[in-house]
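One letter stands for each residue in the lines below.
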Amino acid sequence: MIVDIHSHIKRNLSCQEEEEKKLLLDMEKNKVDVRVVSAMDGWTVEEGSRYISGFVSAHPGRLVGCAVINPKEEDCNKKAAEVLTLPGMAMLEFQSVEHGYYPDTCDGIERVLQVAEKKGVPVKVFTGIGARSMPQQWLGHVKRHPDITFIFLHMGCFDYGYGCVDLAAHYSNILLETSNQYEVQILKKAVGSLPAKKLVFGSSYPERLTRCSLDVFDMFHLDDEYRRLLFGRNAAGLLGYV
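Computed from a predicted structure; not experimentally measured.

Let us now look at the UniProt feature "domain: Amidohydrolase-related" (unreviewed entry) in the chain. Residues annotated by UniProt as "domain: Amidohydrolase-related" (unreviewed entry) correspond here to residues 55-240. Secondary structure across residues 55-240 comprises 40% helix and 14% strand; the distance between its end C-alpha atoms is 20 Å.

Here the focus is helix H1 (residues 16-29). Its 14 residues place the ends of H1 20 Å apart at the C-alpha level, agreeing with the 20 Å of an ideal helix rising 1.5 Å per residue. Burial in H1 covers these residues: Gln16, Glu19, Glu20, Leu23, Leu24, Asp26 and Met27. Along H1, the residues classed as buried sweep out an arc of 155° about the axis, all on the same side. For H1, the exposed residues set more than 90 degrees away from the buried face come down to Glu28 and Lys29. In this fold, the buried residues of H1 make contact with strand S1 (3-8), strand S2 (34-38), helix H2 (45-57), strand S3 (63-68) and helix H9 (210-215). Positive phi appears at Lys31, one or two residues downstream of H1, with a value of about 60°.

Looking now at the sheet that holds S1. As summarised here, the arrangement of the 8 strands in space is S1-S2-S3-S4-S5-S6-S7-S8, forming an open sheet in which the pairing is parallel. Single-partner strands in this sheet number two, and they are S1 and strand S8 (199-200). Pairing analysis gives 4 bridges linking S1 to S2, with the strands arranged parallel. Looking at the pairing, Asp4 lines up with Arg35 of S2.

Using the criterion set out here, one finds 6 aromatic pairs in the structure. When the ring of Phe201 is compared with that of Phe231, the centres are 5.6 Å apart and the planes differ by 65°; the resulting orientation is edge-to-face. Taken as a pair, Phe201 in the loop between S8 and H9 and Phe231 in helix H10 (residues 224-238) lie far apart in primary sequence, 30 residues in all. Across the pair, exposure class does not vary: Phe201 and Phe231 are buried alike. Between Phe217 and Phe231, the ring centres sit 5.8 Å apart and the planes meet at 90°, which makes this aromatic pair edge-to-face. Within this pair, whereas Phe217 is found in the loop between H9 and H10, its partner Phe231 is found in helix H10, the two being separated by 14 residues in sequence. Judged on exposure class, the residue Phe217 and its partner Phe231 are both buried. Chaining the aromatic ring pairs together yields one cluster made of Phe201, Phe217, Phe220 and Phe231. Its end group placed over the ring of Trp43, Arg11 keeps NZ or CZ at 4.7 Å from the ring centre.

Next up on the list: the pairing of strand S7 (residues 174-177). On a regular strand, one side chain projects to one face of the sheet and the next to the other, so that they alternate. The two faces of S7 match: Ile174 and Leu176 on one face and Leu175 and Glu177 on the other face are all buried. The sheet contact formed by strand S6 (residues 150-153) and S7 spans 3 bridges and is parallel. Residue pairing for S7: Phe150 is matched across the bridge by Ile174. With helix H7 (residues 161-170) bridging S6 and the parallel S7, this β-α-β connection has right-handed handedness. As judged from the 2 bridges shared by S7 and S8, these two strands associate in the parallel manner.

Conventions used here
Residues numbered from 1 in each chain as written. Predicted model: local features only at pLDDT ≥ 70, side-chain atom pairs only at ≥ 80, totals over all residues. Heavy atoms only, no water. UniProt positions renumbered as here; feature names shortened; annotations may be inferred. Helix = DSSP H or I, 4+ residues; strand = E, 2+ residues; numbered from the N terminus. Expected span 1.5 Å × (residues − 1). Buried < 20%, exposed > 50% of the residue type's maximum accessible area, 1.4 Å probe, protein only. Arc of directions from axis to C-beta. Contact = heavy atoms within 4.5 Å. Pairing = 2+ DSSP bridges. Phe/Tyr/Trp six-rings, centres within 6.5 Å; stacked < 30°, edge-to-face > 60°. Lys NZ or Arg CZ within 6 Å of the ring centre and 35° of its normal. Right-handed = clockwise from strand over helix to strand, strands pointing away.

See below:
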């Protein structure tokens, strides 16, 4: 079983159905069983979440919805609560670079996290590339909300990958998502020092090639159980599939 916990869908004003077909075909080609999808570029929080809810609801068991929340908005907590009542929406996502805030000083984040904690949903956070996406900027939130599973997207990318692995080892409620991390030594440190339960597979489709996101792990000769957890069972557990 392959569960892709991190993907997006583009907004195509001329033919959105074409983007949907591409996403589903990509899953079929790469044998991805379940994919978590969020809408970011070109969408407001409300528009994107309503669209994603409709899209994933049309493909139950194959697609799961994730809402991108902007904590700079005054009513961010209300919006978070509302989108989680929509069919198929199962987690929240913060994109600090896209929305322009520092995770350790943005007051709205705590209000949204209170909603996530009450609803019992995982939270994805962008890490890597620039001063607004350092993994350490999330530590205060991680400590205040030990019952929330925080998924650090892209494993800190190239800028913060090594430190990101260290944080995941130290804090039980941090998981690392694998997409957009192609620095071999960072990946080697992750699979060599972390138990398999700490990693979840993501493709970052369509910005990245799903096949490359899968094949990059072939060089590490992981055993079958590690691969089962990394590529499927860890994420499936978060989504209630196992």
